[in-house]
Amino acid sequence: MKEEISEIVYQLMNGYLMPDTVPKALWDSIPDAFRDGTVCAEWMDDIYNARMRLGGRLGTDEEDPDILTIVNTYEKIARYIGESMYGYGKMNLEALLPDETGGQPKPKLTLCK
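Note that the coordinates shown come from a computational prediction; the quantities given were computed from them, not determined experimentally.

Rules used in this analysis
Residues numbered from 1 in each chain as written. Predicted model: local features only at pLDDT ≥ 70, side-chain atom pairs only at ≥ 80, totals over all residues. Heavy atoms only, no water. Helix = DSSP H or I, 4+ residues; strand = E, 2+ residues; numbered from the N terminus. Expected span 1.5 Å × (residues − 1). Buried < 20%, exposed > 50% of the residue type's maximum accessible area, 1.4 Å probe, protein only. Contact = heavy atoms within 4.5 Å. Polar contact = N/O pair within 3.5 Å; in protein donor to acceptor, adjacent residues only side chain to side chain. Phe/Tyr/Trp six-rings, centres within 6.5 Å; stacked < 30°, edge-to-face > 60°. Lys NZ or Arg CZ within 6 Å of the ring centre and 35° of its normal. Patch = residues over 30% accessible without salt bridge, like charges linked within 9 Å, V, L, I, M, F, W, Y side chains within 5 Å. Areas by Shrake-Rupley, 256 points an atom, 1.4 Å probe, with all protein chains shown as cover. Salt bridge = Lys/Arg side-chain N within 4 Å of Asp/Glu carboxyl O.

Chemist: Lay out helix α4 (residues 65–90) in plain terms, naming residues and giving numbers.
Modeler: Counted at 1.5 Å a residue, the expected span for α4 with its 26 residues is 38 Å, and the 37 Å between its end C-alpha atoms agrees. For α4, the full list of buried residues reads Ile-67, Val-71, Glu-83, Ser-84, Gly-87 and Tyr-88. Contacts from the buried residues of α4 go to α1 (5–13) and α3 (39–58). Two to three positions downstream of the cap, the backbone nitrogen of Asp-66 sits 3.1 Å from a side-chain oxygen, assigning the N-cap of α4 to Asp-64.

What follows is the structure, encoded as structure tokens:
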């Protein structure tokens, strides 16, 4: 697998991958966050229903360009934050805290992108 593990995790959590496309250990460890009955599935239903109501009021159905811009931009923000959090999680963040003697922390973190 040449893809970054963070991309594989992202795709698994979003339900984009099939079981035969990733190692079984990853498939078994990382659930689809949008499967039926999950809070993310509920939130996606809320988003869809709100898009439909707004589009109905605007007379554009769900494909209103401004509505799509809002939804797509929030998805980009969520992905960016998720990737950054994943990157920070891979770091030894305790190394950034002052040591027991009160010494200064190591250099500051930088964002993933």
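Chemist: Kindly report on the packing of aromatic side chains, identifying the contributing residues and their values.
Modeler: A complete count under the given rule lists one aromatic pair for this structure. One cation-aromatic arrangement involves Arg-79 over Tyr-10; the distance from NZ or CZ to the ring centre is 3.8 Å.

Chemist: Got a sec to walk through a nonpolar patch on the surface? Specific residues and values, please.
Modeler: There is a patch of nonpolar side chains on the surface, built from Ile-70, Tyr-74, Ile-77, Tyr-80, Ile-81 and Met-85 and spanning about 630 Å² of accessible area. Mapped onto the elements, Ile-70 comes out in helix α4.

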